[in-house]
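For reference, the chains in residue letters:
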Amino acid sequence: IYPISLTTADFGIFGQCHAASTNLCMFFIVRNFKLCCGFWNNDLLGNTSVSMNTWSHVACVYDLPAQRQTVYL
């Protein structure tokens, strides 16, 4: 990502929902200048702030067997 302007509001990177259920949604956003990903009511907020006017590689990984989410910046 290459953010040029962020506020404290949510800034969407990716979102996807299964049409049959809101419980099958996944989102990846910048919230309060930090990466945030989640599914249904299990949001994970990163620790590092996103820098303006700088390219950053971002990822959200969900390990189903371990039931673990990780965000990378």
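Report on the accompanying structure.

Here we take up the pattern of salt bridges. Enumeration over the complete set of coordinates arrives at three salt bridges. Of the charged contacts, one joins Arg-31 and Asp-10 as a salt bridge, the two residues approaching to 2.9 Å between their closest N and O atoms. Taken together, the residues span a long stretch of sequence, with Arg-31 in strand 2 (residues 21-31) and Asp-10 in the segment before strand 1 (11-18) at a distance of 21 residues. Residue classification places Arg-31 among the partly exposed residues on the basis of a relative accessible area of 24%. By relative accessible area, Asp-10 is classed as partly exposed at 46%. A salt bridge links Arg-68 to Asp-63; the shortest N-O distance between them is 3.3 Å.

This part is about the packing of aromatic side chains. If you walk through the whole model with that rule in mind, you get two aromatic pairs. On the basis of an interplanar angle of 50° and a centroid distance of 5.0 Å, the ring pair of Tyr-2 and Trp-55 is categorised as tilted. Pair noted here: Tyr-2 is in the segment before strand 1 and Trp-55 is in the loop between strand 4 (44-49) and strand 5 (59-63), with a separation of 53 residues, a long-range link. Given a relative accessible area of 37%, Tyr-2 falls into the partly exposed group. For Trp-55, a relative accessible area of 67% puts it in the exposed group.

Let us look at unusual backbone geometry. Despite not being glycine, Asn-53 has its phi angle at roughly 55°, a positive value. Among the structural elements, Asn-53 can be located in the loop between strand 4 and strand 5. For Gln-67, which is not a glycine, the phi torsion comes out positive at approximately 55°. For Gln-67, a relative accessible area of 56% gives the class exposed.

Criteria and cut-off values
What you see as residue numbers is a count from 1 along each chain, following the sequence as written. Residues qualify for local features only when their pLDDT is at least 70, as the model is predicted, and side-chain atom pairs are given and counted only at 80 or more; totals for whole chains, interfaces and linings, by contrast, use all residues. Based on all heavy atoms of the structure, the side-chain values leave hydrogens and waters out of the count. The salt bridge criterion pairs a side-chain nitrogen of Lys or Arg with a carboxyl oxygen of Asp or Glu, the two atoms within 4 Å. In DSSP terms, a helix is any run of H or I states spanning at least four residues, a strand is any run of E spanning at least two, and both are numbered starting from the N terminus. Note on exposure labels: buried denotes an accessible area under 20% of the residue type's maximum, exposed denotes more than 50%, and partly exposed covers the range between, all computed with a 1.4 Å probe on protein chains only. Pairing of aromatic side chains here covers Phe, Tyr and the six-membered ring of Trp, requires ring centres within 6.5 Å, and sorts the geometry by plane angle: under 30 degrees stacked, over 60 edge-to-face, intermediate tilted.

Structural measurements only, silent on function.
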